[in-house]
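# Residue-level structure breakdown
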Amino acid sequence: MIRMLATAMAAGLLCSTAIAQPPTPGGQTTPAMIPDEAASLAWMQGTRVHTNADGSQTFEAFLGPVNGVVTGTALTTLGADKAYTEYHRIGPNADGVYGLDVANTRSGMKWSFTPMESIEPGRITFRSKEKGLTVSYASDGEGGIIAEVVRVNNFEMTQQRWHFKPVAQPGTPAL
């Protein structure tokens, strides 16, 4: 009788502990599927610049990874008086799928998600389910990042490529 009572109490404690667990962050409906290799994305950290053929520049900065998440921002000049901005988030979406979320001023800041296809040291690739969009980031081995976007629409392929090189960071002021 004492054993049954002790077992019932232990089961009650375990059940109440499970019930008391906090909800999954960010309204996620399933546990995040963060690949172990996400911790290796530190090569993306930093501020870089790509110079276009016309001399205009695109700046890009990444932070992370923190718990498998990397965030980034890109800023491109458009003529003499305008700028285009883009925001990146590499991490799990609300369904726990690991991938790339992008929002920009061209899309009215609507986020679009592309699942991760592969991750390896110094490279991460994302590909849409219908295979019409592929986005990749690769280390150039010198602190820079080569970013590439390939779109296939009606059997016509377009490719954009940027080589972001490190921006010299200003010195830390003396206290």
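Description of the structure in this document.

The rules behind each value
- Residues numbered from 1 in each chain as written.
- Predicted model: local features only at pLDDT ≥ 70, side-chain atom pairs only at ≥ 80, totals over all residues.
- Heavy atoms only, no water.
- Pairing = 2+ DSSP bridges.
- Helix = DSSP H or I, 4+ residues; strand = E, 2+ residues; numbered from the N terminus.
- Axes fitted to C-alpha atoms, helices over the stretch in contact; angles between N-to-C directions.
- Buried < 20%, exposed > 50% of the residue type's maximum accessible area, 1.4 Å probe, protein only.

A few words on the sheet that holds strand β9 (residues 145–153). Here we have 10 strands rolled up into a closed barrel, ordered β1-β2-β3-β4-β5-β6-β7-β8-β9-β10, and antiparallel in their pairing. On average, each strand axis in the sheet is tilted by 25 degrees relative to the strand beside it, whichever way the strands run. Relative to strand β7 (residues 123–127), strand β6 (residues 112–120) runs antiparallel, the two being bridged by 4 bridges. From the neighbouring strand, Ile-119 faces β7, where its bridge partner is Ile-124.

With that settled, the discussion passes to unusual backbone geometry. Negative phi values dominate among residues other than glycine, just as trans dominates among peptide bonds. Pro-65 follows Gly-64 through a cis peptide bond whose omega is 5 degrees. Looking at where Pro-65 falls in the secondary structure, it is placed in strand β2 (residues 57–66). The backbone of Met-109 shows a phi angle near 65 degrees, a positive value even though the residue is not glycine. Residue placement: Met-109 occurs in the loop between β5 (98–104) and β6. The exposure class of Met-109 is partly exposed, given its relative accessible area of 32%. Here the phi dihedral of Lys-131 falls at roughly 65 degrees; this positive angle occurs in a residue that is not glycine. Structurally, Lys-131 is set in the loop between β7 and β8 (133–139). Among the residues examined, Lys-131 registers a relative accessible area of 52% and is labelled exposed.

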